[in-house]
Amino acid sequence: MNERPNLPNDLDAFWMPFTSSRAFKANPRLIVGAEGCHYIAADGRRMIDGTGGLWCSNAGHGHPKITAAIQKQAATMDFAHSFGQSHPLAFEVTSRLVALAPGFDQVFLTNSGSEAVDTALKIALAYHTARGEAGRRILVGRERAYHGINFGGVSVGGLVANKQQFGTLYPDSQHMRQTQLPENAFSRGLPEHGAYLAEDLQRLVDLYGAQRIAAVIVEPVAGAGGVLPPPKGYLERLREICDETGILLIFDEVITGFGRLGTAFGHQKLGVTPDLFTVAKGITNATVPMGGVFARPGIRDAMMTGPEWMPDLFHGYTYSGHPLACAASLATLDVYRDEGIFEQAAKAALLWEDMLHSLKGLPGVVDIRNCGLMGAVQMEVSATVGERGREVYDKLWDRGLIVRPIGDNLAMSPPLVITETLMAEIADHFTSVLKR
Ligand SMILES: Cc1ncc(COP(=O)(O)O)c(C=O)c1O
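Computed from a predicted model, the values in this text were never measured in an experiment.

Definitions and cut-offs
Residues numbered from 1 in each chain as written. Predicted model: local features only at pLDDT ≥ 70, side-chain atom pairs only at ≥ 80, totals over all residues. Helix = DSSP H or I, 4+ residues; strand = E, 2+ residues; numbered from the N terminus. Rg over C-alpha atoms; globule rule 2.2 N^0.38 Å. Buried ≥ 20, exposed ≤ 12 C-beta atoms within 10 Å, placed from the backbone. Contact = placed C-beta atoms within 7 Å. Near = placed C-beta within 6 Å. Pairing = 2+ DSSP bridges. Axes fitted to C-alpha atoms, helices over the stretch in contact; angles between N-to-C directions. Core = buried A, V, L, I, M, F, W, Y, C linked by C-beta atoms within 7 Å.

**Comments concerning the overall build of the chain**
Then, number 1: Of the regular secondary structure elements, the chain holds 14 helices and 15 strands.
Then, number 2: In terms of overall dimensions, the chain is globule-like: its C-alpha atoms have a radius of gyration of 22 Å, near the 22 Å expected for 436 residues.
Then, number 3: Counting only C-alpha atoms and orienting by the principal axes, one finds that the chain spans roughly 65 × 55 × 45 Å.
Then, number 4: The buried share of the chain, taken over its 436 residues, is 48%.
Then, number 5: Taking as baseline every contact in the chain between residues at least 6 positions apart, the subset at least 24 positions apart corresponds to 71%.

Pasting the structure below:
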């Protein structure tokens, strides 16, 4: 029997996300299996999944309890919508989710991180409107931020390549400066310098007036911009400014949610509580698409001012609370709890930090950053930005390690169940590739 799945013979029809079709076709990288912290490539090689899928397979791939829950739900009730009706699993999963996040009462369910971000931004606008402050229309983001690819998220995002093909986007968006400073190179965990960069929000308040600003959104640890942990005191200062001005503080926890920093949510580790926060990815261990927005008490209630029958928010997705996603999420939350996955991550993060920083001194490495089980090795820029990053990524792939190239950064976010032995293998791969 042929154990290999059939491979496609036409690579043209799938218009791939964030991919150069020409480069892919010249060297197609196909994955056909996944198990624990490993992928199986089409040529049969077992590869280390250094990126936990795409910052999302937190409990490792193919967990049998999650798989079984999805299979069971598909056979019981494939779909029911939640527009004015619903099904018990949606209530059960959101109750379980808010129980993990003291200080938050509701979760609005979406299908992805991008949808969660646009939902959070719209909730912020609607909240101010409901309270008679419809003049608050400015949404503040940050340079080098990634908030997904929908209109709102790209508007407040800070990656030029993601913006330049699309024109104006949301017209009332503003940006704070990014937080990577040369004096913080090779910091372990949160860098010392840069809390003052939070004053950029105060400057926007001084420039436009707080009565025109609805919300500020940041990733607690910027991920797809290159893994940038927040400078010590930075998030605290943002919180202070928001408290003084009535601006809503939104954390985009699509990556930092579900144990990535060793606590259920990143804000718990970092000690700063936002008003709204987004999640996705690890919410179902990436098995069925799902995202969500957590809201602190009072935000939804502010919108319940119309007639009894009137929706709180004129917003929602056909698949908000999809039964398969809810079943996957419930099983995932069981696994996180029963197997102590967040606690494991907190312990593994210490070894992770040591392993990453042991790469300091390898030729071409100009910075190493880490926070929880996130990390990046930054290479010196060669002739063109990103060229060196891609070259190292290619070589690591060929050796059996998958990382994420972001410009000249090699970003990693392994499954939270990564072992010390696998971390040593990752270090070996980097050492062999960079020493040559
Ligand atoms: C911080 C952050 N927000 C939003 C998103 C978008 O999530 P999705 O790709 O599920 O739409 C991502 C994806 O990586 C992310 O890292």
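**Side note on the site of the ligand**
Then, number 1: The full set close to the ligand counts 15 residues, and Ser112, Gly113, Ser114, Gly148 and Val254 are the nearest of them.
Then, number 2: Top contributing element to the shell around the ligand by residue count: helix H5 (residues 113–130), with three residues.

**Section: the sheet that holds strand E15 (residues 409–412)**
Then, number 1: Here four strands make up an open sheet; going across it, the order is E11-E12-E15-E14 and the pairing antiparallel. Taken across any chain shown, the strands that pair with only one partner, and hence form the sheet edges, are strand E11 (365–371) and strand E14 (404–406). Pairwise comparison of adjacent strand axes, ignoring direction, gives a mean angle of 20° for this sheet.
Then, number 2: Of the pairings in the sheet, the one linking E14 to E15 comprises three bridges and is antiparallel in character. Its bridge partner being in E15, Arg404 is matched across the sheet by Ala411.
Then, number 3: Sheet strands in contact with helix H12 (residues 341–357) are E11 and strand E12 (374–379), and its direction is about 180° off that of E11.

**Topic: the nonpolar core**
Then, number 1: By size, the foremost hydrophobic cluster in this structure holds 118 residues, and its most contacted members are Ala215, Val216, Ile250 and Leu276.
Then, number 2: When residues in this core are grouped by element, the largest group, nine residues, is from helix H11 (residues 323–338).
Then, number 3: Discounting chain neighbours no more than four positions away, the residues touching Val216 are Val140, Leu201, Leu238, Cys242, Ile247, Leu249 and Ile250.

**Some points on the environment of Pro191**
Then, number 1: Looking at the element boundaries, Pro191 is found in the loop between strand E6 (173–176) and helix H8 (199–208).
Then, number 2: Taking the C-alpha atoms as reference points, Pro191 and Gly233, 42 residues apart in sequence, are found 9.7 Å from one another.
Then, number 3: Excluding anything up to four places from it in sequence, Pro191 contacts Asn184, Pro229 and Pro231.

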